[in-house]
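# Notes for the structure review
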Amino acid sequence: MIAALVNSKRLNPLSSLLHPFDSFYSVKEEGKGSLLASGFIVLVFFIASVFKRQSTGYTFNLVDLSALNVWLIAAKTVVLYALWVAGNWAVATWMDGEGKARQIAIVSAYAIIPYVAAVIVSTLLSKVLVQEEGMFLDYLTTVAMAWSAVLMFIGLLTIHDYGAVKTLQSVALTFAAMGVAIFLAVLFYTLFQQVYVFIYTVYNEMLFRL
């Protein structure tokens with residue numbers, strides 16, 4: 001019985017790529033989907049981004065490989081994902097969305113699978129393609145981003161029980177909420193840095209006078 005219950009909770013993340021409505025409906029109504037799998041997808045997203053920066057073929061790679069900033073890449077992947085989930089959950093609460101934070105996290109992670117796959121594949125292809133064939137990498141990335149965007153749209157529409165227009169509104173408000181959160185974080189960091197410099201300066205002045 002326990003085994004049957006566990007199996008009933010399983011949902012192959014790849015099934016959402018071709019059957020998004022059925023997959024995301026099962027996330028909402030049957031409690032399927034895994035936070036562990038979602039976390040793994042986001043982790044792969046982070047690793048793939050590092051891999052792309054450092055391993056893209058020299059013909060297409062214009063960055064300074066010695067100036068790798070892992071924390072910046074983490075902010076653009078893991079932190080951005082967390083902000084998206086938190087922002088959408090806050091907006092859904094305000095707009096009477098039915099989706100829970102867990103469901104938003106699962107749907108959002110499953111939806112970015114095409115883009116993550118494209119990052120890995122394009123990085124590998126960049127090692128064998130010549131400059132004139134670089135357009136294929138752009139096409140691959142564009143198609144993957146569009147695919148992920150459609151999956152995200154369908155996922156949010158399904159778990160929140162929104163119409164198309166309201167889903168678009170929630171996405172726009174989610175981006176706005178993310179922007180506000182980033183602004184407040186930068187503001188807090190700047191104020192903290194200024195306070196730290198002030199205290200450090202006063203401390204050094206006191207030591208000098210003593």
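This section reports on the structure supplied with the text. Being a predicted model, the structure only gives us computed values, none of them experimental. (Residues numbered from 1 in each chain as written. Predicted model: local features only at pLDDT ≥ 70, side-chain atom pairs only at ≥ 80, totals over all residues. Heavy atoms only, no water.)

### Some thoughts on the overall build of the chain
To keep things clear, this is the line we draw: For the purposes of this entry, the term helix denotes a DSSP run of H or I that reaches at least four residues, the term strand denotes a run of E that reaches at least two, and both are numbered from the N terminus. Throughout, radius of gyration means the C-alpha value; the globule benchmark is 2.2 Å times the number of residues raised to the power 0.38. For the exposure calls, accessible area comes from a 1.4 Å probe over protein chains only, and a residue counts as buried if that area is under 20% of its type's maximum, exposed if over 50%, partly exposed in between. Contacts are assigned to residue pairs that have any heavy atoms within 4.5 Å of one another. Areas reported as accessible are Shrake-Rupley estimates using a 1.4 Å probe. Residue values count occlusion only from the protein chains shown.
When helices and strands are counted, the chain shows 9 helices and 0 strands. Secondary structure of the chain in N-to-C order comes out as α-α-α-α-α-α-α-α-α. Relative to its length of 210 residues, the chain is extended, with a C-alpha radius of gyration of 22 Å against a globular reference of 17 Å. Counting across all 210 residues of the chain, residues that qualify as buried make up 35%. In the chain, the share of contacts with a sequence separation of at least 24, taken over all contacts with a separation of at least 6, comes to 76%. Surface accessibility of the chain: about 13300 Å² in total, with carbon and sulfur atoms responsible for 73%.

### Things to note about unusual backbone geometry
Among all residues except glycine, the phi angle is most often negative; among peptide bonds, the trans geometry is most common. Located in the positive-phi region is Asp96, a residue other than glycine, with phi close to 60 degrees. One can find Asp96 in the loop between α5 (70–94) and α6 (101–111). Asp96 gets classed as exposed once you look at its relative accessible area, which sits at 64%. Positive phi, normally seen in glycine, also occurs at Asp161, with a value near 60 degrees. One can find Asp161 in the loop between α8 (135–160) and α9 (164–209).

### Considerations on the side chain of Ser148
Definition in use: We call two N or O atoms a polar contact when they sit within 3.5 Å, provided that within protein one can donate a hydrogen and the other can accept it, with sequence-adjacent residues counted only if both atoms are side-chain atoms.
Mapped onto the secondary structure, Ser148 falls in helix α8. Residue class for Ser148 comes out buried when judged on its relative accessible area of 8%. At 2.9 Å, the side chain of Ser148 and the backbone oxygen of Ala111 are in polar contact. For Ser148, the residues in contact, after removing those within four places along its chain, are Ala111, Ile112, Ile113, Pro114 and Tyr115.

### Remarks on the packing of aromatic side chains
Heads up, the condition is: In summary, the pairing rule links any two rings of Phe, Tyr or Trp, Trp by its six-membered ring, whose centres are within 6.5 Å, and it sorts them by plane angle into stacked for under 30 degrees, edge-to-face for over 60 and tilted for everything else.
Tallying each qualifying case throughout the model produces 4 aromatic pairs. Plain terms: the ring middles of Phe136 and Tyr139 are 6.5 Å apart, the flat faces sit at 85 degrees to each other, and that makes the pair edge-to-face. Here Tyr139 and Phe136 lie together in helix α8, a separation of 3 residues that amounts to about one turn.

### Some points on the pattern of salt bridges
Rule in force here: Put simply, a salt bridge is a Lys or Arg side-chain nitrogen that is within 4 Å of an Asp or Glu carboxyl oxygen.
All chains considered together, the criterion is met by 3 salt bridges. Put simply, Lys32 and Glu30 hold a salt bridge, and the shortest N to O gap is 3.6 Å. Overlapping salt bridges, with partners in common, bring together Lys28, Glu29 and Glu98 in one network.

### Some words on the environment of Val91
Turning to its location among the elements, Val91 is positioned in helix α5. Using a relative accessible area of 6% as the deciding quantity, one classes Val91 as buried. It is 27 Å that separates the C-alpha atoms of Val91 and Ser15, two residues lying 76 residues apart in sequence. Ignoring anything within four residues of it in the chain, the contact list for Val91 reads Ser170, Leu173, Thr174 and Ala177.

### Quick look at a nonpolar patch on the surface
Note the following rule: Surface patches are defined over residues having more than 30% relative accessible area and no salt bridge, joining like charges when they lie within 9 Å and nonpolar side chains (Val, Leu, Ile, Met, Phe, Trp, Tyr) when within 5 Å.
Residues Val180, Phe183, Leu184, Leu187 and Leu191 make up a contiguous nonpolar surface patch of roughly 470 Å² in combined accessible area. Looking at the element boundaries, Leu187 is found in helix α9.

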